[in-house]
Structure formats: C-alpha cells, structure tokens
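Below, each chain spelled out in residue letters.
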Amino acid sequence: MSALDRKLLRDLMRLWPQALAIALVVASGVATLILGIGTRRSLDETRTAYYEQYEFADVFAELTRAPKPVARSLEEIAGVRSVELRIRRFALLDLEQREEPATGLAISLPEHRPAVLNRLYLRQGRLPDPSRAGEVTVNEPFAKANGLGIGSQFSAVLGGTKRTLTVVGVALSPEFVYALGPGDLMPDNRRFGVLWMSEKSLAGIFDLEGAFNAVELKLLPGTNEAEVIRQVDGILERYGGVGAYARVDQVSHAFLDGELKQLQAMSRVIPPIFLFVSAFLMNLTLSRLIALEREQIGLLKALGYSRLAVTGHYMRLVLLIAVFGIGLGSLAGNWLGRGLTRLYGDFFFFPFLVFSRDLDVYALAALVSCAAAFLGGAKALWEVLALAPAVAMQPPVPPRFRQTWIERLGLLRPFSQVTTIAVRHMLRWPLRALLTALGIALATGLVVVAFFTLDSVEMMIDITFFRTERQQATLNFAEEAPLRVLHDVEHMPGVLRAEPYRIVAVKLRNGHLERRLSIIGKPPERELSRVLDVELKPVDLPEHGLLVNQRLADVLELSRGDEVEVELLGKRRGIRRVVVDDVIESYFGLGAFMDIDALSRLVGEGPRVSGVHIAYDRRQQPALYRAVKNTPAIAAIELQRIALQRFRETMAENISIMRAVYITLSVIIAFGVVYNSTRIQLSERARELASLRVLGFTRGEVSRVLLTELAILTALAQPLGWLLGYVFGWALIRAFQSDLFTVPFVIEPATYGTSALVVLAAAAASALIVRQRVDRLDLIAVLKTRD
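Treat the numbers as computed from the prediction; the structure is a model and nothing was measured. (Residues numbered from 1 in each chain as written. Predicted model: local features only at pLDDT ≥ 70, side-chain atom pairs only at ≥ 80, totals over all residues. Heavy atoms only, no water.)

J.: Please clarify how the overall build of the protein chain should be interpreted in this entry.
T.: Along the backbone of the protein chain there are 25 helices and 21 strands. When each of the 787 residues of the protein chain is scored for burial, the buried share is 56%. (Helix = DSSP H or I, 4+ residues; strand = E, 2+ residues; numbered from the N terminus. Buried < 20%, exposed > 50% of the residue type's maximum accessible area, 1.4 Å probe, protein only.)

See below:
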C-alpha cells in the first residue's frame, strides 16, 4: 500500500461522520432514482408480459344487439388480427355475508373453444360448463374480499330474475387488473365482482341467442388504430353501437398507465434535489480538507509526487464516498423497489410480478451520482492541481476583517456579541451561507411535498362527497326507464328524497380535438347531486347550453360561449351543435352536464332516466336494501358512505407510505447539510472558539457562536423552503393530471408549519452532536501555532 493510500484511509477514518452524511445524501438520490425508474419498469414489464401472454385486446366496443355474422365484417377490416364476441351485462348481487347489495359484471365465455382475447388466468377451479346452468367463475379480488371459494353460492338478479350462482372457478383477467365498479372512485372488491359465465347461459337469460352486445379486437402491429375504430363505429352504428375505443381509454389500463406516469414524475423531480445537495456537501468538505492540508500538499509535491498524483489522491476520496453512497442507495432502492412493486401488486391484480433488475438503471444512478460528486469537488480539486509547493507550504493569507455594511448602519447594536460574531461570519462568506440555507430549504420543500398531498385529497373529498355528490346512494337501472319510475323509487322504504339523472354517450368535438364521454342530465331543482363552478358555488343548469369541467375544457380547448359539436352514440345517432354555457369544477373524469329535459330534446326522445340519486332514513336501511335486491330493474347501487370510506382507506395507505419516504429523505438532507456545515465551521474556527474560552466565555456561549449562525440560516431557509415546496408540489400535481382525475393543488398553512418543525428538529439533533464536540475542544492543542 502506497503512502498516499495510507493517508487516504486515515482521512476517511478522521472524516467518517462527514463522509457518512454525504454518502447518505448520495444514497438517497440513488435510491429514489432506482425506486422511481425500477418500480416503473417492473410494473411496465409485468403489464406487457401479462397483456401479451393473455392476449389483451386493443379495441373495445359495446352496442345494443347485433347478430354474430357481423363479426365477419369486423374481421375484414384491414389490420384486425382477431375478433372476440361477448355478452356483457351488469347484475345486482345478494351476498349472505353482506347486508348491502353488491354489483357484478357478467361476461360471456365462448363455447367449445378457449377465448381468443382477454384470456383468463385460473387461480382455482375451472371455467363454467355450458351444460350446467348457474355456474360462474369470479375474479380473485372479489372472491378473497367475500370469502368465496369453489362451491360457494350467492344470488344475482340477471334478466329480471333472481338466480342462484355457484362458484366453480377463481380467475384473473388482463381486462380487470384494476377492477372498478360503476360510479366507484376506488376499487371496492367487497362490492364489485366480475362474473364469467358460459355464452349459452347468458344468451338465454338476456335473449341474445346468436347475437352479442360487446366486441373486442386485436390489431396487427403498425395498424392505424383510429381508422379501425372509425370503421368499427360505421359497422356497429345500426346496431346501437356507443362508440369503439382504444386500449388507452379502457378503464383498467388507463388507471394503471396513470400510476406509471406518476412514478415517472417522481423519478424526475426528487433525485436532482439530492444530487445538488451531495455536490454542495462534497464541495464544502473537500474545500475545507484541502485548506487544512495545504502544508501536506506542498510537502508531497516537494518530495516528488506529481500534481496529478496528489490530485488523484483527493479524487479517490471523492470517489470512495460516492461509491459507498451508490452501493448503499442501490441496496435501499432495490429493497424499496421490490416492496413498492409488491404493494402495487396488491392494488393492481397481476398473476405474477416481474422485478426489473436492468443494469442500466444502476449504471445511470452511479454515473449521475459520481458526476455530481466530482462537479461538487471540482473547484477544490483544481486548487490542489494549481497549488505550487512553495506557496502551499506557507500559512494561508489571513482573511481581511473590517466592518460589514450592517455594522456600519448600526443594525447589530441591539444584539449580543455572540450574535454579532455569527452574523459577521455569514456576511464574510455569503456564498457558503447561501448554499447552506438552500440545502436546508430543499429539505423543507420535500416535507411540504410529503404533507400537501393530504391537503389536496381532503379538498377532493370535501368537494366531491360533501358539496357536489351529497346523495347517500345512487340506483343505476339496467335500461333507461320512463320518468314515472321516479314515483316508485320515492315510495321505497326510507327514501326521503329522489333526484333522477340521465346519461347519454357522445363524442364531443372541437375542430380536430375530440373525446368520447357521457353527458349527464340533471333536473333543474337539485339538492343531492349538484354542479359547482370554478369558485365552488352551485350553478343552475342552462335550458339549452352545456356545462363542461375544467379538465375537458383544457383538453378540447373550450371556453365559455364556444360552440362544440356533439355526436350522439347509441340507438339515436346524429350530430348537434351546442354552446358551452360555463366551465365548472369537477375532479373525476371528463365531465359534461345539461338540464335533463334539454338533454332529452337533444337526443330527440321523451323524458327518460338512467338512474336515481336518493337520500334515505338510515334507520330503514335494511328494508331499503331488501327492496333494492328484489327490484329487477336495478342493475347496480352506489353507496356514498362506503365509497368515501374506501377512498379514504386507499388514499391513506398510499399517502402514508410516500409521506414516510419523503420525510425520511428530507431529514437526511437537513441532517447532512447542518452537520457538515457546522463541522466545517468548527474545524475552521477552532482557534477562534478556543480563544474565546481562554478569554472567559463559557462552553454554552462558545457553542452559541456556531449554533446561532445555524439557527439564523435554518430560520431564513424556511420561507425559501416553503416556496420550493410549492414549486415541487405544483410540478408533481401537473404530472399527475389525466382524463381520469384532476388533483386540486392545495397547501394549507398548517402544512408549512409542520414542515418547518420537522426540519428544525433534524437541525437541532445535528446541532446537539456538534455541541458535544465543542465542549470537548482541547484548548492547548488548538491554540498551537505554526511558526
């Protein structure tokens, strides 16, 4: 081992607390980069493998009824590889273990052959036998949530008749990785299940022998998807087609894709913060080390060591710290990535998980971390390279002390000598003070990001569940019903108020921009399901115009007074022109609303309703549930109380995990910045502090010289940290926006206060450690001076 190598080991042993603090910051950056990119790749590769192995379709379409020979026309479309015909209908489920009704989606399986598209992954049992009525295979999340196994039975209202179904299999499907029931904001596996039944059974129940009401298509690579959708719509138009749509708009795929985009956003926003802080700390530590070792550097060069050899010695110090941090971060990132991927595996249901261990992710993390470390130490390394032996062996030129502008203005007179010393030191090295404050501010900004998500979610809950959708339950009908059905609902047990609504499938088009969605018609007098403007005030629905939510207005580039083209889908086709009367606030989906009578006139039909929102007496809830279960016209029931509970549970789980990660990372930054800055000051000012002790200052007063400066910088960093947190939060919210949901950007004042307290606590812990070193100063050793 060479002399320089032995010196390197001694330096590391002497500086190990500072080196460890830097390495932890580097490790945090590496871990977040691997966590974001690695988890995203794992989910993406799992999704790709699942889709490919089980032939997930590319195009989907639903219609009223079409004869099976229509499939030949669909198969003849250029670029179509496979076509699968289905029967799909919602059913109301009655489970013995649950008081409230559940909802099921019944889907047919082809007879005498395996499915071509959206094939099932059987977990248990088998597929239904066409010769045996009432057999069903259910999706695994629903089976687990309700304790269903092979041989379990439950009741379902299918085709207006209550039937007993027997579970013969438990399966997963690529079509339902994220199984969302009608009207649900989050998956509720207790109350929504997918039921696969034989085509023969469902065709007989719904009078669809020799016919279908849903179709799935698989395309050849390179096929023009939009052109295929256009031709599918043309073929199915006469059969009540409600518009074909691509995989990107399929609910399960869209939610999974949104989650992958969020991971991508996280990997772009968070790691650069740690890279910056690690570069700053590396510069701070290396610059001070070189300043302390000027004489040794000069002596090494005088003894014949080349400039490159001496510079390489300090480069190896930087490299060792960075490599240790990279190794630690790689292990932590791999562990966290596997854990997060498993967590997603519990939320998105895959039959298997593919853990991505691509070396390029680790190589990228190592490269950027080393680059940040060397950039941070570049100035100090250049000083080593340029330092001449004769100059290096001389004591450094002492700094020139004079009154600062603050002192000349007399602004420090009211303060103590200790405070004056601290302020002077900050003003004489402003860049170092600024970078220290910036590092602390970044930690505060991360804590703001950790806590503000809860503020945004609470805002969504308040507006969605307490200001907009205030009904206790929503009854969805299997088919559109005449308006007189409202009278029947009002007379159900415990119903206090009932408000009808109508849903019409359309395509809204503004020039070349278009979206497939549903217009919701609401009555003029509304107390349960309201519409709010962007100022969150209830608005009246116009007699003729259309209201659109902010997200839809942004996507279609619409504003108040614009005319939009409405293409009706389903039984009654046609194109209308409607004026956008106002832009309103709604956080879920692409929202478009009209007066229910105006919507009926737009369609060209008399008054019809798709369902009813109700408020009811909770004391009569069991009787109401029994009545709903025995009403064949009701296909599904949405319960706001359960939806809110499930939304809170899901968001709380996700937010608590991410909050813990962000807070841990911010504490590492705050501790690393404060500890290294204070230790550097201690080493620089040890003689000054020892002199103060000799002059009669107590240990507490001497410590306050360092800690006062730290306290001032930490306090000054908080407003900047709040601003950075606001910017980081805004960037994340922008990255999270999609057609599925819009997250409001809300940061409550208490969030800023909590963030400051977390960082102050980390800074205080770091300061206490340094305080102990101040108390143990060896006055004799420190006050020795070179001749």
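Picking up where we left off.
J.: Whenever I open this one, the packing of helix H2 (residues 16-53) against helix H7 (residues 251-269) confuses me. Can you help?
T.: Between two packed helices, both the angle of their axes relative to each other and the distance between the axes serve to describe the pair. The contact between H2 and H7 brings their axes to 8 Å, and the two run at 155°. With respect to their mutual orientation, H2 and H7 come out roughly antiparallel. Note that H2 runs across H7; the crossing there is left-handed. Along its contact with H2, which presents Leu33, Leu35, Gly36, Ile37, Thr39, Arg40, Leu43, Asp44, Arg47 and Tyr51, the element H7 presents His253, Leu256, Asp257, Leu260, Leu263, Gln264, Met266 and Ser267. (Axes fitted to C-alpha atoms, helices over the stretch in contact; angles between N-to-C directions. Parallel < 35°, antiparallel > 145°, perpendicular 65-115°, else oblique. Left-handed = near helix turned anticlockwise from the far one by under 90°. Contact = heavy atoms within 4.5 Å.)

J.: Which parts of the structure should I look at to understand the sheet that holds strand E2 (residues 80-86)?
T.: Backbone hydrogen bonds hold the strands of a sheet together, and the pairing may be parallel or antiparallel. Here 4 strands make up an open sheet; going across it, the order is E2-E10-E1-E11 and the pairing antiparallel. The outermost strands of the open sheet, each flanked by one partner alone, are E2 and strand E11 (245-246). Pairing of E2 with strand E10 (residues 211-219), which is carried by 6 bridges, proceeds in the antiparallel orientation. Each bridged residue has a counterpart across the sheet, and for Arg86 the counterpart in E10 is Ala214. (Pairing = 2+ DSSP bridges.)

J.: Looking at this structure, I do not really get the nonpolar core. What am I missing?
T.: Across soluble globular proteins, you tend to see nonpolar side chains buried next to one another. Core analysis: the biggest nonpolar cluster contains 81 residues, and Ile270, Phe348, Leu446, Phe647, Tyr662 and Ile669 have the highest contact counts within it. The biggest single contributor to this core is helix H16 (residues 430-468), with 18 residues. With near-sequence residues (within four places) excluded, Tyr662 lies in contact with Met266, Ile270, Leu446, Val449, Ala450 and Leu732. (Core = buried A, V, L, I, M, F, W, Y, C linked by side-chain atoms within 4.5 Å.)

J.: Would you explain the pairing of E10 in this entry?
T.: The buried fraction of E10 amounts to 9 of the 9 residues, a majority that puts the element mostly inside the structure. Relative to E10, strand E1 (residues 59-67) runs antiparallel, the two sharing 6 bridges. The residue of E10 that forms the bridge with Glu62 is Ala214.

J.: In this structure, what is going on with the packing of aromatic side chains? I would like to understand it.
T.: The relation between two aromatic rings is expressed through the spacing of the ring centres and the mutual angle of the planes. According to the stated counting rule, one finds 14 aromatic pairs in the structure shown. Geometrically, the ring pair formed by Tyr178 and Phe255 is stacked, given 4.5 Å between the ring centres and 15° between the ring planes. Here the residue Tyr178 occupies a position in the loop between strand E8 (161-172) and strand E9 (192-198), and Phe255 occupies one in helix H7, the gap between them amounting to 77 residues. Taken as a pair, Tyr178 and Phe255 share a single burial class, namely buried. (Phe/Tyr/Trp six-rings, centres within 6.5 Å; stacked < 30°, edge-to-face > 60°.)

J.: Where do I start with the pairing of strand E3 (residues 88-94) in this structure?
T.: Regular strands have side chains that alternate between both faces of the sheet. In terms of residue burial, E3 counts as a mostly covered element, since 5 of its 7 residues are buried. Sheet topology places E3 next to strand E4 (residues 102-109); 6 bridges connect them, and they run antiparallel. The residue of E4 that forms the bridge with Phe90 is Leu105. Pairing of E3 with strand E7 (residues 153-158) involves 3 bridges; the strand directions are antiparallel. Along E7, the bridge assignment pairs Leu93 with Ala156.

J.: Looking at this structure, I do not really get the pattern of salt bridges. What am I missing?
T.: Pairs can form between side chains of opposite charge once their charged atoms are near each other. Here the structure, examined in full by the defined rule, presents 33 salt bridges. Among the salt bridges present, the one from Arg190 reaches Asp188, with a minimum N-O distance of 3.2 Å. By relative accessible area, which is 4% here, Asp188 ends up buried. Taken together, the shared-partner salt bridges connect Arg509, Glu514, Glu563, Glu565, Glu567 and Arg577 into one network. (Salt bridge = Lys/Arg side-chain N within 4 Å of Asp/Glu carboxyl O.)

J.: Which parts of the structure should I look at to understand the environment of Ile733?
T.: Tracing the backbone through its elements, the reader meets Ile733 in helix H23 (residues 699-736). The exposure class of Ile733 is buried, given its relative accessible area of 5%. For the pair Ile733 and Thr453, spaced 280 residues apart in sequence, the C-alpha to C-alpha distance is 9.1 Å. Residues within four places of Ile733 in sequence aside, it is in contact with Phe452, Ser456, Val743, Pro744 and Phe745.

J.: So what exactly am I meant to see when it comes to the side chain of Asn118 here?
T.: Mapped onto the fold, Asn118 is located in the loop between E4 and strand E5 (121-125). Polar side-chain contacts of Asn118 include one of 3.0 Å to the backbone nitrogen of Ala57. Setting aside residues no more than four positions away along its own chain, Asn118 makes contact with Tyr54, Glu55, Phe56, Ala57, Phe60, Arg86, Ser173, Pro174, Glu175 and Glu216. (Polar contact = N/O pair within 3.5 Å; in protein donor to acceptor, adjacent residues only side chain to side chain.)

J.: Can you walk me through a nonpolar patch on the surface in this structure?
T.: Together, Trp16, Leu20, Leu24, Phe324 and Leu328 make up a nonpolar patch on the protein surface, roughly 460 Å² of accessible area in all. Going through the elements one at a time, H2 and helix H10 (307-347) are the ones with two or more residues in the nonpolar patch. Broken down by element, the residue count for the nonpolar patch peaks at 3 residues, all from H2. (Patch = residues over 30% accessible without salt bridge, like charges linked within 9 Å, V, L, I, M, F, W, Y side chains within 5 Å. Areas by Shrake-Rupley, 256 points an atom, 1.4 Å probe, with all protein chains shown as cover.)

J.: Explanation requested: the packing of H2 against H10 in the structure shown.
T.: Between H2 and H10, the shortest axis-to-axis distance is 6 Å and the interhelical angle comes to 35°. When the axes of H2 and H10 are compared, the crossing they make is right-handed. Tallied by class, the residues present in the contact of H2 with H10 amount to 21 nonpolar, 9 polar and no charged. (Nonpolar A, V, L, I, M, F, W, Y, C, P; charged D, E, K, R; others polar.)

J.: I'm lost on unusual backbone geometry in this one. Help?
T.: The general pattern is negative phi for most residues beyond glycine and trans for most peptide bonds. Phi is positive for Glu55, close to 50°, though the residue is something other than glycine. By secondary structure assignment, the location of Glu55 is in the loop between H2 and E1. Look at Asn118: it is not a glycine, yet its phi comes out positive at around 50°. By relative accessible area, which is 3% here, Asn118 ends up buried.

J.: Which parts of the structure should I look at to understand the confidence of the model for the protein chain?
T.: Should pLDDT be low for a region, the predicted coordinates there are not to be read in detail. For the protein chain, per-residue confidence averages 81 on the pLDDT scale, and residues scoring 70 or more make up 90% of the total. Across the protein chain, element-level confidence peaks in strand E6 (residues 135-139) with a mean pLDDT of 94 and bottoms out in helix H25 (residues 779-783) with 56. (pLDDT = per-residue confidence, 0-100.)

J.: For this particular structure, what's the right way to read the environment of Met315?
T.: Along the chain, Met315 turns up in helix H10. Among the residues examined, Met315 registers a relative accessible area of 35% and is labelled partly exposed. Taking the C-alpha atoms as reference points, Met315 and Ala378, 63 residues apart in sequence, are found 9.2 Å from one another.

J.: Is there a simple way to explain helix H19 (residues 596-603) in this structure?
T.: Every α-helical turn comprises 3.6 residues, leaving residues that sit three or four positions apart pointing alike. Most of H19 is tucked away, with 6 of its 8 residues classed as buried. Turning to H19, its buried residues number three or more, namely Ile596, Ala598, Leu599, Ser600, Leu602 and Val603. Buried positions along H19 lie against strand E13 (495-510), strand E14 (513-522), strand E17 (563-568), strand E18 (574-585), strand E19 (592-595) and strand E20 (608-616). Between the side-chain oxygen of the N-cap and the backbone nitrogen of Asp597 there are 2.9 Å, and the N-cap of H19 in question is Asp595. Looking one or two places after H19, you find Gly604, whose phi comes out positive at around 90°.

J.: Is there a simple way to think about the environment of Leu300 in this case?
T.: For Leu300, the location among the structural elements is in helix H9 (residues 294-302). For Leu300, a relative accessible area of 14% translates into the label buried. With 296 residues separating them in the primary sequence, Leu300 and Leu4 have C-alpha atoms 9.3 Å apart. In this view, Leu300 contacts Leu4, Tyr305 and Val310; residues no more than four positions away in its chain are not counted.

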